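One letter stands for each residue in the lines below.
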Amino acid sequence: PPALQKPQLEALLPRLHTYISLSGPHLGMLYTSNMLVELGVWGLRKWKNAQCLTELSLKDAKQPTDTFLYTLSKGDMLARFTNVLLVSSAEDRYVPHHSARLQLCPEAMHDPRFGTAFVSMVHNILSPLQCSNLVHVDVSFLPLISTKLVHQLDQAIGRKAHIDFLEQQAFLQMFVQMYLSYLV
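Residues numbered from 1 in each chain as written. Predicted model: local features only at pLDDT ≥ 70, side-chain atom pairs only at ≥ 80, totals over all residues. Heavy atoms only, no water.

Points about the overall build of the protein chain
On a plain count of helices and strands, the protein chain comes out with 10 helices and three strands. For the protein chain, the succession of helices and strands along the chain, N to C, is β-α-α-α-β-α-α-α-β-α-α-α-α. What you see for the protein chain is a C-alpha radius of gyration of 17 Å, in line with the 16 Å of a compact globule of 184 residues. Its C-alpha atoms put the protein chain at 50 × 45 × 30 Å along the principal axes. Sequence separation of at least 24 residues holds for 74% of the intrachain contacts in the protein chain that already meet a minimum separation of 6. A total of about 11100 Å² of accessible surface is found on the protein chain, and carbon and sulfur atoms cover 59% of it. (Helix = DSSP H or I, 4+ residues; strand = E, 2+ residues; numbered from the N terminus. Rg over C-alpha atoms; globule rule 2.2 N^0.38 Å. Contact = heavy atoms within 4.5 Å. Areas by Shrake-Rupley, 256 points an atom, 1.4 Å probe, with all protein chains shown as cover.)

Printed below as a string of structure tokens:
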């Protein structure tokens, strides 16, 4: 079971205050716009048998509604938090922006295989949050001016923005100052 459903944590449930997600793939990795990341995920799934990437691709079961992420979406644990902050960046191309923001995307509406399950997952997660304070925080990171090929590649494939959520001290300080009321 998910961590918050474990008996050891039951006493803490009334104390849950703010959930912060830094570009988390809540809806998986469907409908990404980055072919290099898709290729990398496919390769890691095949060669390394990466179970978590199989789950994030909604390919851990024959039917999308039998997948781990879909099952997880039916839980109401997020609703136990008073505040839910979904922090994302359109520049992060590792995690699809709509997945980090828990939003529908046009591709899902036209997808006969995963579309219905995807729409249900969005509904399953958001419906219980009606009494929570749901906040979407959009972040834009300054582009890195560099002549190093590795930095240019990181920026081109969207890795830089994904990593910047944790590596950019200026962002972290500004985030804590701006959203301090959610943290205390």
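Re the sheet that holds strand β1 (residues 18-22)
Spatially, three strands are ordered β1-β2-β3 in an open sheet, and the strand pairing comes out parallel. Looking at the sheet topology across the chains shown, the edges are occupied by β1 and β3 (133-138). The mean angle between the axes of side-by-side strands here comes to 15°, regardless of whether they run parallel or antiparallel. Relative to strand β2 (residues 83-88), β1 runs parallel, the two being bridged by five bridges. (Pairing = 2+ DSSP bridges. Axes fitted to C-alpha atoms, helices over the stretch in contact; angles between N-to-C directions.)

What about the pattern of salt bridges?
Applying the stated criterion to the full structure yields one salt bridge. A salt bridge links Arg101 to Asp138, with the nearest nitrogen and oxygen atoms 2.8 Å apart. Taken together, the residues Arg101 in helix α4 (residues 97-101) and Asp138 in strand β3 connect sequence positions 37 residues apart. With relative accessibility at 11%, the residue Arg101 sits in the buried group. (Salt bridge = Lys/Arg side-chain N within 4 Å of Asp/Glu carboxyl O. Buried < 20%, exposed > 50% of the residue type's maximum accessible area, 1.4 Å probe, protein only.)

A closer look at the side chain of Ser132
As for its position among the elements, Ser132 is in the loop between α6 (115-126) and β3. We classify Ser132 as buried; its relative accessible area is 13%.

Things to note about the layout of surface pockets
Size it by volume and the largest pocket reaches roughly 500 Å³. Forming the boundary of the largest pocket are 21 residues, of which Tyr19, His26, Leu72, Met77 and Leu78 lie nearest the centre. Sorting elements by how many residues they give to the lining of the largest pocket places helix α3 (residues 68-73) first, with four residues. Broken down by class, the residue content of the lining of the largest pocket amounts to 14 nonpolar, six polar and one charged. (1 Å grid on protein atoms, 1.4 Å probe; cavity = no way out; pocket = protein on both sides within 12 Å on 5 of 7 lines; lining within 4 Å. Points joined across faces, edges and corners; volume = space filled by probe spheres on them. Nonpolar A, V, L, I, M, F, W, Y, C, P; charged D, E, K, R; others polar.)

A short note on the environment of Ile125
Within the fold, Ile125 resides in helix α6. Overall, the relative accessible area of 12% leaves Ile125 in the buried class. Placed 65 residues apart in sequence, Ile125 and Asp60 show a C-alpha to C-alpha distance of 20 Å. Contact partners of Ile125, with chain neighbours within four places excluded, come to His26, Leu27, Ser73, Leu78 and Leu102.

Considerations on the packing of aromatic side chains
In total, this model carries eight aromatic pairs according to the counting rule given. Where Tyr31 meets Phe118, the ring centres are 5.2 Å apart and the plane angle is 85°; that geometry is what we call edge-to-face. Here Phe118 lies in helix α6 and Tyr31 lies in the loop between β1 and α1 (35-47), a separation of 87 residues in the sequence. In terms of burial, Tyr31 and Phe118 fall into one category: buried. Among the aromatic side chains, those forming a connected cluster through ring pairs are Phe141, Phe165, Phe171, Phe175, Tyr179 and Tyr182. (Phe/Tyr/Trp six-rings, centres within 6.5 Å; stacked < 30°, edge-to-face > 60°.)

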